[in-house]
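Results of the structural survey
Take a look at the letters that make up each chain.
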Amino acid sequence: MKHKFSLVEFSVDHPRLIVSIAIIITIAFLTQFAKLKTDTNPKNMLPANSDVRVWNDEVEKTFGLYEDMIVVGVVNEAGVLNKGTLGKISRITDEAFRIKGVAARDVASFPTITNVTAAAGVLKVAPLMTQVPKSDEETAVLRRDLFDNPLYINRIISKDGKTTAIYIPLEKGANGKEIADRLKDIVNKEGGPEKYYVAGDPVARDTFGAEMFKLMAIFAPIAGAVMLLVRYLMFRDIFLSVTLMMDAMITVIWSMGLLIALGFPIHIMSSMAPVFLMAIATDSIHIFNEFYFRYKDKKDKRAAIIETMHAVGRPVRFTALATAVGFGVLLFMNIVPVKIFGGLVAFGTVILRVLSFSFIPAMFTFVKAEKMEEASKDEDITSSKTSQFLKRLAGYGADKPKATVIVGLVFVIIAVMGISRIVVNNNMVEWFKPNSEIRKADTVINSSLGGTSLAYIVATSGEDEYIKTPEAMRHIEGLQKHLEKLSVVGKTSSVVDYVKRINLVLHDNDPKYDIVPDAKGAIGQYLFLFGMSAKPSDLDNVIDNQSRKANVWVQLKTWDVDAMRQVIKAADDYTKTHPSRLELKPAGIAYFNLVWNDEVLWDMLKGFIIALLVIFVILAFNFHSVKWAIVGYIPLLFTILLIYGVVGFAGKDFDMPISVLSCLSLGMAVDFAIHFISRFKGRLAEARAEGKTFDNALLKEALLWTAARPGKGIMRNAVLFASAFSVMLFAPLTPYITVGAFIVSMMILSAVFTMIYLPALIVLWRGWLFKKEA
């Protein structure tokens, strides 16, 4: 009879060949890293043909808008309208013009913003501050011009006169962080009593991207070093500790190398893949754990390796399958970076398992017998303190199953209450710590001026020149007033504001003319006169060439996506109560963030739910039983409910990091259940083969053995996993802190719950689970 090929036996018999092949493939993938490209723009999270991207591009083209805007806030507690501060504002504006990537022609600040006045019935359009005031009288004139013009209040000057802003639009493709750093260098040279703040979506986005890659470069090696140290403390064998580390690093290099070779850029999500893969690689600890037990009994290296892989092979394969499926379902989502992330981690998980059955057994052969002998001394469940502790945990669940389950149900009820408080939200500014420069800048500017988050409401008619009608103008004016009632809206502006301003100044600033004219002809004439003298962008930004569309600028005081949701609802409510021939539609970066938030996070949630269903099928297939699949599934659901419950009670938004944690929690909770139940059923099968009678005593003995021996591998896995991610608690970015805190607690809790609740459920349902034996 022909001997069936075994990868494990082949690897044990040809270790040098296996290691050489692994090294050659690793070097091949390493050569691809020179082609690495990054993409941290959330805009590219959605396909180029997505509705929101196509619409935003159309709006930007129609109204001559810029995709990105940086805001430089200047604060002087004594007031910014003095010769010294105004001189600095002028110099900063001039310097900003020279920065590569800045759309200099449309920078808005005191020296460049358009001022509309009139003299002897003649309209005058000129920059607000053509030169820095040289006297108190000139400063007084500037003050009057500023505070007499509603267009400026809360946009270019705060109501108390202590804060002003310089709005700096960026050319397409410009790097927000690089320009922000250049601006910081410029303002830092000025000195004096003023404080300067640089904010805006491109600053937060590109700074986060740069910091993210920097942190990955720092934390991945640190996490690896921590894992290496913890492994050494577990096994007291540096060679095998390095072997497990090599297993993880080879997988990371192969996975990232393939991604780069296929031409994909590294996105925000895919940048987290290396840490995830290093963490998933800790599942190999079950092989190490069992090997030392087997070697202690056999004293034969080859036999111990083969028996180890025979004992843990099935659960290791199926935990890998469950984890790969958990991430692999993301390949069927709509968001490209989500697909890439899911495929990347799924591929890496498969590679990890291939290496577990080849590279790791091969490396075992190089370990000296005396090293194994020394390391295996502690692998005795009768003397190991860890094993005895785990037996006590399992014993509690087995001895008091009803009480254990009741306590669990109470936790579930509390968790569901917490889940009901969860809010789906993404706010990239809040991904920085409260004391960070970006958070401080955003807070100061939002509290003093209209806000750094920009949205548009585009009013569209079905005929040319309709926007110039008094009816259309008054409808837009009413919309602005309605939106400004929202606490999240700091400022709105539109073509209506220009028309009203012109009407006012041409009537000697008589307040009764601060209205929309009654005649379409007058409105058209005002806009023609204004367009002849103003910068092209002044009108282009708010009305199209055919006067079929008008653009209402909406400045928001927060980047929370719920703020944009409120704006859309308010616009819809206004349309219902004020029927018009104008159709209102949102646009802009704030609107994009809302759509991106909903599509990405709900896509992840959809994938998570599909993975839950598929993993249940995998459990049923692995255990050859729906009953045992249900038992293994309960700790998984319990862990997930508790995690989300804590998220809700902590007031933490359900954002991208939390959604990614969902996939990871799914894979690891299943991992523990598969190992525990598989080894428990195997222990029972061995006992029955020895002729032992199935009874409560045998059931409990098998449960306690499982907790003490394979359970030690589960606990080691959890501790190793948690120790690696604990380094993220010291990160400057809150998503990393969130991921670190949740994974540390999740892994320890998952392992403990597995030790307690699986024995409790098995004892409680023994009549149902063991009908044949009974």
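What counts and how
Residues numbered from 1 in each chain as written. Predicted model: local features only at pLDDT ≥ 70, side-chain atom pairs only at ≥ 80, totals over all residues. Heavy atoms only, no water. Helix = DSSP H or I, 4+ residues; strand = E, 2+ residues; numbered from the N terminus. Buried < 20%, exposed > 50% of the residue type's maximum accessible area, 1.4 Å probe, protein only. Contact = heavy atoms within 4.5 Å. Areas by Shrake-Rupley, 256 points an atom, 1.4 Å probe, with all protein chains shown as cover. Lys, Arg positive; Asp, Glu negative; His and termini not counted. Charge placed at Lys NZ, Arg CZ, Asp CG, Glu CD. Pairing = 2+ DSSP bridges. Domains from an automatic or database assignment. Buried area = accessible area lost by both parts, 1.4 Å probe. Salt bridge = Lys/Arg side-chain N within 4 Å of Asp/Glu carboxyl O. Polar contact = N/O pair within 3.5 Å; in protein donor to acceptor, adjacent residues only side chain to side chain. Nonpolar A, V, L, I, M, F, W, Y, C, P; charged D, E, K, R; others polar. Axes fitted to C-alpha atoms, helices over the stretch in contact; angles between N-to-C directions. Parallel < 35°, antiparallel > 145°, perpendicular 65-115°, else oblique. Left-handed = near helix turned anticlockwise from the far one by under 90°. 1 Å grid on protein atoms, 1.4 Å probe; cavity = no way out; pocket = protein on both sides within 12 Å on 5 of 7 lines; lining within 4 Å. Points joined across faces, edges and corners; volume = space filled by probe spheres on them. Phe/Tyr/Trp six-rings, centres within 6.5 Å; stacked < 30°, edge-to-face > 60°. Lys NZ or Arg CZ within 6 Å of the ring centre and 35° of its normal. Expected span 1.5 Å × (residues − 1). Arc of directions from axis to C-beta.

**Comments concerning the overall build of the protein chain**
- Scanning the protein chain from N- to C-terminus turns up 29 helices and 9 strands.
- Within the span of the protein chain, comprising 774 residues, buried residues form 60% of the whole.
- When contacts within the protein chain are restricted to residue pairs at least 6 apart in sequence, long-range pairs at least 24 apart make up 80% of them.
- For the protein chain, the exposed area adds up to about 31,500 Å²; of that, 60% sits on carbon and sulfur atoms.
- Of the side-chain charges in the protein chain, 86 are positive and 75 negative, and the distance between the mean point of each set is 7 Å.

**Notes on the pairing of strand E5 (residues 195–199)**
- Of all 5 residues making up E5, 4 are buried, and the element is well covered by its neighbours.
- Relative to E5, strand E1 (residues 68–75) is paired through 5 bridges, and the arrangement is antiparallel. Across the sheet, the residue bridging to valine 71 is alanine 199, located in E5.

**A look at the domain arrangement of the protein chain**
- Partitioning the protein chain into domains gives domain 1 (1–35 + 236–378), domain 2 (64–204) and domain 3 (446–593).
- Centre-to-centre separation of domain 2 and domain 3, based on C-alpha positions: 22 Å.
- Tallying the contact residues gives 32 residues for domain 2 and 29 residues for domain 3.
- Here domain 2 and domain 3 share an interface that buries about 2,500 Å² over both sides, 62% of which is from carbon and sulfur atoms.
- Among the residues of domain 2 in contact with domain 3, Leu65, Leu123 and Leu151 are the three that bury the most area, contributing 23% of the side total.
- The interface formed by domain 2 and domain 3 contains 0 salt bridges.
- At the boundary of domain 2 with domain 3, the tally comes to 9 residue pairs in polar contact (both at pLDDT 80 or more).
- Secondary-structure elements contributing two or more residues to the side of domain 2 that touches domain 3 are strand E2 (114–119), strand E3 (122–127) and strand E4 (163–170).
- A per-element tally of the side of domain 2 that touches domain 3 places E2 first, with 5 residues.
- By residue class, the composition of the side of domain 2 that touches domain 3 is 15 nonpolar, 12 polar and 5 charged.

**Description of the packing of helix H22 (residues 561–577) against helix H23 (residues 589–623)**
- Two numbers describe how H22 lies on H23: the axes approach to 9 Å, and their chain directions differ by 110 degrees. What the angle tells us is that H22 and H23 run roughly perpendicular. As for the relative orientation of H22 and H23, their crossing is left-handed in sense. Packed against H22, whose contacting residues are Val561, Met564, Arg565 and Ile568, the element H23 presents Ala590, Tyr591, Asn593, Leu594, Asn597 and Asp598 at the interface.

**With respect to the pairing of E1**
- In terms of residue burial, E1 counts as a mostly covered element, since 7 of its 8 residues are buried.
- Across 8 bridges, the pairing between E1 and E4 is antiparallel. Counted as the bridge partner of valine 74 is threonine 164 from E4.

**Side note on the sheet that holds strand E9 (residues 583–587)**
- One open sheet accounts for 4 strands, arranged E7-E8-E6-E9; its pairing is antiparallel. Strand pairing shows two members of the sheet lacking a second neighbour, strand E7 (489–493) and E9, which therefore form its edges. The sheet shows a mean angle of 25 degrees between the axes of neighbouring strands, taken without regard to direction.
- In terms of strand pairing, E7 meets strand E8 (residues 549–556) through 4 bridges, oriented antiparallel.

**A word on empty space enclosed by the protein**
- Tallied over the full model, the rule gives 7 cavities of 30 Å³ or more.
- Of all the elements in the fold, those that place two or more residues in the lining of the largest cavity are E4, strand E6 (453–460) and helix H21 (536–540).
- Taken together, the residues that form the lining of the largest cavity break down as 14 nonpolar, 6 polar and 4 charged.
- In this structure, the second largest cavity encloses a volume near 330 Å³.
- Around the second largest cavity, the lining comprises 27 residues; the ones closest to its centre are Tyr66, Glu67, Leu454, Tyr456 and Ile589.
- Breaking the lining of the second largest cavity down by element, the ones donating at least two residues are helix H3 (51–63), E1, helix H7 (201–235), E6, E8 and H23.
- When the residues that make up the lining of the second largest cavity are grouped by side-chain class, the tally is 12 nonpolar, 6 polar and 9 charged.
- Split by domain, the residues of the lining of the second largest cavity number at least three in each of domain 2 (64–204) and domain 3 (446–593).

**Looking at the packing of aromatic side chains**
- The tally for this structure, following the rule as stated, stands at 20 aromatic pairs.
- With a centroid separation of 6.2 Å and an interplanar angle of 80 degrees, the aromatic rings of phenylalanine 208 and phenylalanine 432 are classed as edge-to-face. One end of the pair, phenylalanine 208, is in helix H7; the other, phenylalanine 432, is in the loop between helix H16 (401–419) and helix H17 (437–448), and 224 residues separate them in sequence. The same class applies to phenylalanine 208 as to phenylalanine 432, namely buried.
- Positioned above the aromatic ring of tyrosine 167 is the side chain of arginine 155, whose terminal nitrogen or guanidinium carbon lies 5.4 Å from the ring centre.
- Note that arginine 155 overlies the ring of tryptophan 553, its terminal NZ or CZ placed 5.9 Å from the centroid.

**Quick notes on helix H5 (residues 136–147)**
- Taking 1.5 Å of rise per residue, 12 residues should cover 16 Å, and H5 covers 16 Å from first to last C-alpha, within 8% of that figure.
- Within the sequence span of H5, burial applies to Thr139, Leu142, Asp145 and Leu146. Taken around the axis of H5, the buried residues stretch over an arc of 120 degrees, which confines them to a single face. Along H5, exposed side chains directed more than 90 degrees from the buried face belong to Asp136 and Glu137.
- Those residues of H5 hidden inside the fold are in contact with helix H4 (83–97) and E2.

**Points about helix H8 (residues 238–261)**
- End to end, H8 covers 33 Å across 24 residues, agreeing with the expected 34 Å (1.5 Å per residue, within 8%).
- When you tally the buried positions in H8, you get 17 out of 24 residues, the bulk of the element.
- Positive backbone phi, at 90 degrees, marks glycine 263, one or two positions downstream of H8.

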